[in-house]
Amino acid sequence: MPSPRRNAEGRPLAACAPSSSGSPAHGGGGGGRFEFQSLLSSRAPGADPTCARLRASESPVHRRGSFPLAGAGSSPALPPPLPEEDRMDLNPSFLGIALRSLLAIDLWLSKKLGVCAGESSSWGSVRPLMKLLEISGHGIPWLLGTLYCLSRSDSCAGREVLMNLLFSLLLDLLLVALIKGLVRRRRPAHNQMDMFFTLSVDKYSFPSGHATRAALVSRFILNHLVLAIPLRVLVVLWAFILGLSRVMLGRHNVTDVAFGFFLGYMQYSIVDYCWLSPHNAPVLFVLWNQQ
Ligand SMILES: CC(C)=CCC/C(C)=C/CC/C(C)=C/COP(=O)(O)O
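Residues numbered from 1 in each chain as written. Predicted model: local features only at pLDDT ≥ 70, side-chain atom pairs only at ≥ 80, totals over all residues. Heavy atoms only, no water.

1. Quick notes on unusual backbone geometry
Right, on to step 1. The peptide bond linking F206 to P207 adopts the cis configuration, its omega dihedral lying at 0°.
Right, on to step 2. Mapped onto the elements, P207 comes out in the loop between α7 (156-183) and α8 (209-224).
Right, on to step 3. Unusually for a residue other than glycine, R184 sits at a positive phi of about 55°.
Right, on to step 4. Considering the arrangement of structural elements, one finds R184 in the loop between α7 and α8.
Right, on to step 5. The phi dihedral of F197 is positive, around 45°, even though this residue is not glycine.
Right, on to step 6. One can find F197 in the loop between α7 and α8.
Right, on to step 7. The class of F197 is exposed, set by a relative accessible area of 55%. (Helix = DSSP H or I, 4+ residues; strand = E, 2+ residues; numbered from the N terminus. Buried < 20%, exposed > 50% of the residue type's maximum accessible area, 1.4 Å probe, protein only.)

2. Digging into the site of the ligand
Right, on to step 1. Near the ligand there are 18 residues, and of these K180, R187, G209, H210 and R246 occur at the shortest range.
Right, on to step 2. A distance of 2.5 Å separates an oxygen atom of the ligand from a polar atom in the side chain of K180.
Right, on to step 3. Here H252 contributes a side-chain N or O atom positioned 3.0 Å from an oxygen atom of the ligand.
Right, on to step 4. In the complex, the protein chains occlude 82% of the 560 Å² of accessible area that the ligand would expose alone.
Right, on to step 5. Put simply, the parts of the chain that give the shell around the ligand at least two residues each are α6 (139-152), α7 and α8.
Right, on to step 6. Among the elements that make up the shell around the ligand, the one with the highest residue count is α8 (three residues). (Near = heavy atom within 4 Å. Polar contact = N/O pair within 3.5 Å; in protein donor to acceptor, adjacent residues only side chain to side chain. Areas by Shrake-Rupley, 256 points an atom, 1.4 Å probe, with all protein chains shown as cover.)

Have a look at this one:
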């Protein structure tokens, strides 16, 4: 006898749940993915409390007079209670519903905004410009640029700021790689994996490394460079457009970028708190000065 279909948590799906595995709507599939599939399974009629009530009332065991009788002339026997895990499925928590709704909106909006995901997309002609923007937020140019400026800097204050920028960029790479490896959310199905120089964890999309870098670097620049107002506005605009371009290119969902901005912003607070100076990290500065 075929075993019943189960949802992402391994709980049995009701018979009226639509079959959803392997559909392109689920982003190409992948082990443990928490996307439309779990959304459908929890909203499937079998998991919906209203539907469950309806089905229960249609069920032969619930029909008046059709219960198996406990004994001749006695009252009808009660149906056996549902197993614990089924009861949990029939009563999804408010948080669960809110998260699943957010996820559905996220996937829908990200697909709608992915207008440069391919050359044939509606804004396909802007794709080269978006890819240029992608390079402006890539880790390699930022790391190499900071190292180059450090090697050319002849003031103590300049070296201190650059040393901290280098520390920020490395911390960012580490944290993003760690979270991507833990969360393992696949990139959107409409993404073309044609990015310049990626690490193995970059097959995952949560959070967006470009968004974390954009928020971190722009906050760093605004706090440590004396810039005229128009240039400050330009820095903020760059960060915002870079984040938006990740979704337009189809690289990310909106929540990857939103969380990336949040993480980058918080990373700057960490850097600011642990600010490296010749007083608290003399070895670093002495070593660099000997270069
Ligand atoms: C020192 C070291 C390990 C440098 C690696 C720099 C590097 C390859 C960074 C990857 C940058 C990248 C492609 C991030 C992915 O950004 P998303 O916005 O697509 O998450």
